[in-house]
Number of protein chains: 2
Amino acid sequence: MTFPKLAFSIAEYDTRLAKTRAAMDAAGVDTLVITDPANMAWLTGYDGWSFYVHQAVIIGPSGAPLWWGRAMDALGAKRTVYMGADDVFGYEDSFVQNPDKHPMEDLSELIQAKNWAGSRIGLEMDNYYFTAAAYLSLVQELPDAKWVNANGLVNWQRTVKSETEIIYMRRAARIVEKMHATIVERAVPGLKKNELVAEIYHAAISGADGHWGDYPSIVPLAPSGADATAPHLTWDDSELKTGEATFFEIAGAHRRYHAPQSRTLFLGAPPKKYREAENAVLEAVAAGMEQAKPGNFAEDIAHAFNTTLNRLGFEKDNRCGYSIGLSYPPDWGERTYSLRRDDKTVLEPGMTFHFMPALWLDDGGIEMTEPVLITRTGAENLCNTPTGLSVKA
Amino acid sequence: MTFPKLAFSIAEYDTRLAKTRAAMDAAGVDTLVITDPANMAWLTGYDGWSFYVHQAVIIGPSGAPLWWGRAMDALGAKRTVYMGADDVFGYEDSFVQNPDKHPMEDLSELIQAKNWAGSRIGLEMDNYYFTAAAYLSLVQELPDAKWVNANGLVNWQRTVKSETEIIYMRRAARIVEKMHATIVERAVPGLKKNELVAEIYHAAISGADGHWGDYPSIVPLAPSGADATAPHLTWDDSELKTGEATFFEIAGAHRRYHAPQSRTLFLGAPPKKYREAENAVLEAVAAGMEQAKPGNFAEDIAHAFNTTLNRLGFEKDNRCGYSIGLSYPPDWGERTYSLRRDDKTVLEPGMTFHFMPALWLDDGGIEMTEPVLITRTGAENLCNTPTGLSVKA
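Residues numbered from 1 in each chain as written. Chains lettered and ligands numbered in written order. Predicted model: local features only at pLDDT ≥ 70, side-chain atom pairs only at ≥ 80, totals over all residues. Heavy atoms only, no water.

### With respect to the overall build of chain A
Moving on, step 1. A tally of regular secondary structure across chain A gives 10 helices and 16 strands.
Moving on, step 2. Its C-alpha atoms give chain A a radius of gyration of 22 Å, within 12% of the compact-globule value 21 Å for 393 residues.
Moving on, step 3. C-alpha atoms of chain A, sized along the principal axes, occupy 70 × 45 × 40 Å.
Moving on, step 4. Classification of the 393 residues of chain A by burial places 66% in the buried group.
Moving on, step 5. Sequence-distant contacts in chain A: of pairs separated by 6 or more residues, those separated by 24 or more amount to 69%.
Moving on, step 6. Looking at chain A as shown, the accessible area adds up to about 13500 Å², and 49% of this sits on carbon and sulfur atoms. (Helix = DSSP H or I, 4+ residues; strand = E, 2+ residues; numbered from the N terminus. Rg over C-alpha atoms; globule rule 2.2 N^0.38 Å. Buried < 20%, exposed > 50% of the residue type's maximum accessible area, 1.4 Å probe, protein only. Contact = heavy atoms within 4.5 Å. Areas by Shrake-Rupley, 256 points an atom, 1.4 Å probe, with all protein chains shown as cover.)

### Observations regarding the interface of chain B and chain A
Moving on, step 1. The interface is formed by 67 residues belonging to chain B together with 67 residues belonging to chain A.
Moving on, step 2. For the chain B and chain A pair, buried surface summed over both sides reaches about 6300 Å², with 60% attributable to carbon and sulfur atoms.
Moving on, step 3. Inspection of the region where chain B meets chain A yields 34 residue pairs in polar contact (both at pLDDT 80 or more).
Moving on, step 4. Listing elements by their share of the side of chain B that touches chain A, those giving two or more residues are helix H3 (71-80), helix H5 (132-141) and helix H8 (193-206) of chain B.
Moving on, step 5. The biggest single contributor to the side of chain B that touches chain A is H8 of chain B, with 8 residues. (Buried area = accessible area lost by both parts, 1.4 Å probe. Polar contact = N/O pair within 3.5 Å; in protein donor to acceptor, adjacent residues only side chain to side chain.)

### Focus on the domain arrangement of chain A
Residue and element names in this part refer to chain A.
Moving on, step 1. Looking at the assigned domains, one finds that chain A contains domain 1 (10-157) and domain 2 (163-392).
Moving on, step 2. On a C-alpha basis, the centres of domain 1 and domain 2 stand 33 Å from each other.
Moving on, step 3. Residue-level contacts link 17 residues of domain 1 with 16 residues of domain 2.
Moving on, step 4. For the pairing of domain 1 and domain 2, the buried interface totals around 1300 Å² over both sides, and the portion due to carbon and sulfur atoms is 58%.
Moving on, step 5. Looking only at domain 1, the three residues that lose the most surface to domain 2 are Tyr-128, Asn-155 and Trp-156, adding up to 38% of its buried area.
Moving on, step 6. Put simply, Arg-335 and Asp-36 hold a salt bridge, and the shortest N to O gap is 3.4 Å.
Moving on, step 7. Put simply, domain 1 and domain 2 have 6 residue pairs in polar contact (both at pLDDT 80 or more) between them. (Domains from an automatic or database assignment. Salt bridge = Lys/Arg side-chain N within 4 Å of Asp/Glu carboxyl O.)

### Brief notes about the environment of Glu-380 of chain B
All names here are of chain B.
Moving on, step 1. Note on placement: Glu-380 falls in strand S15 (residues 379-381).
Moving on, step 2. A C-alpha to C-alpha distance of 9.5 Å links Glu-380 and Thr-352, two positions 28 residues apart in sequence.
Moving on, step 3. Ignoring sequence-local partners within four residues, the contact set of Glu-380 consists of Arg-170, Pro-371, Val-372, Leu-373 and Thr-375.
Moving on, step 4. Within polar-contact distance, the side chain of Glu-380 engages the side chain of Arg-170 at 2.7 Å.

### A few points about the pairing of strand S8 (residues 257-267) of chain A
All names here are of chain A.
Moving on, step 1. For S8, the buried fraction is high: 11 of the 11 residues fall into the buried class.
Moving on, step 2. Neither face of S8 is left uncovered, since the one carrying Tyr-257, Ala-259, Gln-261, Arg-263, Leu-265 and Leu-267 and the one carrying His-258, Pro-260, Ser-262, Thr-264 and Phe-266 both have all their residues buried.
Moving on, step 3. Alignment of strand S7 (residues 245-254) against S8, held across 10 bridges, turns out to be antiparallel. The residue of S8 that forms the bridge with Gly-252 is Ala-259.
Moving on, step 4. The turn joining S7 and S8, which pair antiparallel and follow one another in sequence, is formed by 2 residues; a positive phi near 50° is taken by Arg-255.
Moving on, step 5. Pairing geometry for S8 and strand S16 (residues 390-392), over 3 bridges, is parallel. Within the sheet, the bridge partner assigned to Phe-266 lies in S16 and is Val-391. (Pairing = 2+ DSSP bridges.)

### A word on the sheet that holds strand S15 (residues 379-381) of chain A
All names here are of chain A.
Moving on, step 1. Taken in spatial order, the 5 strands of this open sheet run S10-S9-S11-S14-S15, and their pairing is antiparallel. In this open sheet, the two strands that pair with only one neighbour each are strand S10 (333-338) and S15. Each neighbouring strand pair of the sheet contributes to a mean axis angle of 35°, computed without reference to strand direction.
Moving on, step 2. Of the strand pairs in this sheet, strand S9 (residues 321-324) and S10 are connected by 2 bridges, and their pairing is antiparallel. Residue Ile-324 lies in a different strand from S10, and its bridge partner there is Gly-333. (Axes fitted to C-alpha atoms, helices over the stretch in contact; angles between N-to-C directions.)

### Describing the pattern of salt bridges
Moving on, step 1. A full pass over the atoms with the stated rule returns 36 salt bridges over all chains.
Moving on, step 2. Note that Arg-275 of chain B is salt-bridged to Glu-278 of chain B, the shortest N-O span being 2.8 Å. Taken together, the positions of Arg-275 of chain B and Glu-278 of chain B, both in helix H9 (residues 272-290) and 3 residues apart, correspond to about one turn of that helix.
Moving on, step 3. Judged by relative accessible area, which is 8%, Glu-278 of chain B ranks as buried.
Moving on, step 4. Because the salt bridges share partners, they merge into one network encompassing Glu-12, Arg-16 and Glu-165 of chain A.

### Re the packing of helix H1 (residues 10-27) of chain A against helix H2 (residues 37-44) of chain A
All names here are of chain A.
Moving on, step 1. For the pair H1 and H2, interaxial distance at closest approach is 7 Å and the crossing angle is 120°. By the angle between their axes, H1 is oblique relative to H2. Where H1 abuts H2, its residues Tyr-13, Arg-16, Leu-17 and Thr-20 lie against Ala-41, Trp-42, Leu-43 and Thr-44.
Moving on, step 2. Looking at the contact of H1 with H2, its residues break down into 5 nonpolar, 2 polar and 1 charged. (Parallel < 35°, antiparallel > 145°, perpendicular 65-115°, else oblique. Nonpolar A, V, L, I, M, F, W, Y, C, P; charged D, E, K, R; others polar.)

### What to know about unusual backbone geometry
Moving on, step 1. The linkage connecting Pro-329 of chain A with the following residue, Pro-330 of chain A, adopts the cis geometry, with an omega of 15°.
Moving on, step 2. One can find Pro-330 of chain A in the loop between S9 and S10.
Moving on, step 3. Even without being a glycine, Tyr-129 of chain A presents a positive backbone phi close to 80°.
Moving on, step 4. Note on placement: Tyr-129 of chain A falls in the loop between strand S5 (120-123) and helix H5 (132-141).
Moving on, step 5. The phi dihedral of Asn-115 of chain B falls on the positive side, at around 65°, and the residue is not glycine.
Moving on, step 6. Position of Asn-115 of chain B among the secondary structure elements: in the loop between helix H4 (103-113) and strand S5 (120-123).

### Remarks on the sheet that holds strand S1 (residues 31-34) of chain A
In a beta sheet, neighbouring strands are held together by backbone hydrogen bonds and run either parallel or antiparallel to one another.
Residue and element names in this part refer to chain A.
Moving on, step 1. Read across the open sheet, the 6 strands follow the order S4-S3-S2-S1-S5-S6; overall the sheet is mixed. With one partner strand each, in any of the chains shown, strand S4 (88-91) and strand S6 (146-149) form the two edges of the open sheet. Taking the axes of each pair of neighbouring strands and ignoring which way they run, one obtains an average angle of 25° across the sheet.
Moving on, step 2. Relative to the sheet, helix H3 (residues 71-80) contacts strand S3 (66-70) and S4, its axis offset from that of S3 by approximately 140°.

### Observations regarding H2 of chain A
All names here are of chain A.
Moving on, step 1. Most of H2 is tucked away: 8 of the 8 residues are buried.
Moving on, step 2. Within the sequence span of H2, burial applies to Pro-37, Ala-38, Asn-39, Met-40, Ala-41, Trp-42, Leu-43 and Thr-44.
Moving on, step 3. Between a side-chain oxygen at the N-terminus of H2 and the backbone nitrogen of Ala-38 the separation is 2.8 Å; the capping residue is Asp-36.
Moving on, step 4. One or two steps after H2, the chain reaches Gly-45, where phi turns positive at roughly 90°.

### Observations regarding the side chain of Thr-20 of chain B
All names here are of chain B.
Moving on, step 1. Its location among the elements puts Thr-20 in helix H1 (residues 10-27).
Moving on, step 2. Under the relative-accessibility criterion, Thr-20 is labelled buried at 0%.
Moving on, step 3. Within the structure, Thr-20 has its side chain in polar contact with the backbone oxygen of Arg-16 (distance 2.8 Å).

### A closer look at the confidence of the model for chain A
Moving on, step 1. Residues with a pLDDT of 70 or more make up 98% of chain A, whose mean pLDDT is 94.
Moving on, step 2. For this predicted complex, the interface score ipTM comes out at 0.96, while the overall pTM is 0.96. (pLDDT = per-residue confidence, 0-100.)

What follows is the structure, given as structure tokens:
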């Protein structure tokens with residue numbers, strides 16, 4: 001069997017291309033150079049750990065998307081994209097990590113060969129992997145182009161998920177439920193953090209409900225105690241301790257679609273202030289979820305959540321959520337709308353976001369988060385993971 | 001116990017800073033803005049999964065390095081860097097993924113406050129995470145600066161490993177040995193690829209020899225059969241098959257130091273052409289390793305390897321190795337020297353590289369690679385993993 005059979009139908013890829021071309025027209029872009037691996041995957045089906053070298057998908061004024069990258073990865077492209085081999089282009093290895101010539105010189109030649117060199121060319125200017133040097137190389141090699149900042153253009157086409165995308169996210173949701181159940185089952189005082197993370201990874205990749213687990217775009221984040229005031233520390237071999245909280249920010253993933261979810265585990269009886277924080281967060285989440293419905297703004301969820309927290313004596317001014325779906329390292333957010341004041345993105349059925357009520361107390365943190373789907377009438381938690389603090393006496 | 005106790009002594013960080021400042025002088029750089037998370041870690045001890053937002057370490061003309069990043073990650077910086085809190089700066093969350101203002105505006109203010117705004121400022125122009133938009137923001141906000149491309153400047157200071165670094169790499173080597181032993185033990189026809197990868201991850205993070213496993217910078221790459229012609233495909237739930245080869249490109253990691261190593265597993269008797277390829281590679285590797293000694297050039301290893309392969313009837317023109325050490329996603333290479341024609345980097349004791357003899361045949365691939373340490377008199381394989389093809393009848 002060819003690996004991997006396409007995750008979506010050709011008709012769905014055609015729809016995505018049409019949406020993207022409409023957005024390009026509206027943005028005054030003739031030719032779009034896409035370097036975000038999630039956008040590349042969404043538009044073509046390309047999947048591979050090759051984003052550590054320069055690569056791109058190019059949408060020209062007409063025709064199929066083109067895949068361009070390192071020659072050895074062009075082989076991977078031919079095995080994964082829906083287009084034919086004529087739409088796949090590979091550059092020589094001598095371009096790789098060579099200070100004297102940049103792969104973007106090769107892409108520039110391709111753009112010239114297609115007669116797009118004088119067009120309005122869109123670039124994902126603030127995207128991971130689109131470096132300053134890549135930008136300067138293109139600008140130098142294509143002096144007749146008119147450059148347009150197209151950062152986020154494709155990302156925004158991805159906010160409303162198709163039926164198949166939602167199916168994949170539900171599979172990912174089953175996986176993260178299993179990961180959290182594994183944590184609750186295995187965590188005991190004295191267990192080393194890395195040993196627990198090894199169990200989490202095993203659950204993550206084994207999958208759940210008959211569906212295999214993909215690698216999550218962020219490794220399990222599992223800080224304990226005072227380290228939990230710093231949200232992005234990874235692990236070592238410190239032992240879990242009675243009387244300490246550990247929060248787990250993890251995701252199930254299937255075919256690159258992510259269901260992130262956090263829970264906070266307490267070994268022993270949580271102090272009163274953790275229970276107060278828990279109650280406050282649960283009440284604030286409920287208030288936020290009441291605003292999670294088609295037609296409301298993203299900021300309405302944040303407003304209800306934050307004002308409820310404030311009323312209960314807690315302060316929070318970070319965003320409390322962001323769009324999720326398909327992703328590649330280093331992040332599982334889609335980088336479109338956020339649940340935050342002033343974000344007037346209109347919520348629509350099929351949108352999926354990570355509702356992230358995190359509270360950092362002065363000596364620790366609690367995170368109890370949910371992947372959420374906007375439905376026709378309101379919103380639905382994708383997971384059935386028990387809510388609130390996880391407590392093991 | 002504070003997480004994590006520093007991986008290196010203060011004296012070692014001081015030495016690294018001195019080496020870097022000497023390199024800055026030679027390159028005509030007064031102020032260096034470092035955005036590569038591995039370079040940030042090497043210079044300060046900073047460790048965290050925060051490279052999905054803009055962050056940097058700044059080396060000014062004098063004084064300690066400064067850490068700059070998102071405010072919530074500044075908390076992580078204070079817990080991980082060797083400098084004091086006065087050298088750690090965090091920007092407001094409103095800068096994060098906001099199309100209307102860029103975090104580099106905040107960094108520019110810091111550089112101005114330090115009176116470095118008119119200096120010769122070095123930037124890692126082709127580094128992952130240093131985006132086109134970040135560059136343009138700095139250039140706009142600091143019009144008096146003289147910009148210098150300092151890509152690779154810090155990377156090159158990392159090529160010769162200290163004793164402690166070599167200790168960490170040996171621990172990583174024990175871990176990847178265990179990962180390969182796990183593969184040979186668990187792989188059977190009918191086993192799903194993701195289930196095998198789950199076992200590999202469990203071994204990777206559990207660690208070996210009493211030392212915990214860190215996350216590798218690249219996920220396990222394990223393509224089978226014809227998919228192995230495309231080297232960077234990840235997994236799904238396809239079953240392992242008799243008569244098929246699977247190559248595993250994996251790494252053990254400890255404290256971010258990596259020992260990458262590949263092996264090719266055959267279920268059943270390998271066809272004659274695989275055995276011929278195996279023999280050729282082993283002979284070519286031996287020829288390459290004879291050239292792996294202080295005073296030789298990196299290209300000498302590649303030359304011996306490639307000419308031997310050619311003599312035996314196989315063609316290979318990719319590079320056959322690269323420097324390794326400390327790394328973060330998306331890559332475990334250090335991006336300095338390569339084992340490739342025209343690379344005249346002089347080999348020195350303490351250098352560590354991934355010797356990557358990979359051969360892609362028309363219907364599959366074999367990879368049998370080694371992490372290698374240059375010693376005072378020659379070279380040493382860091383791992384004891386059995387050489388050659390792995391075969392399970």
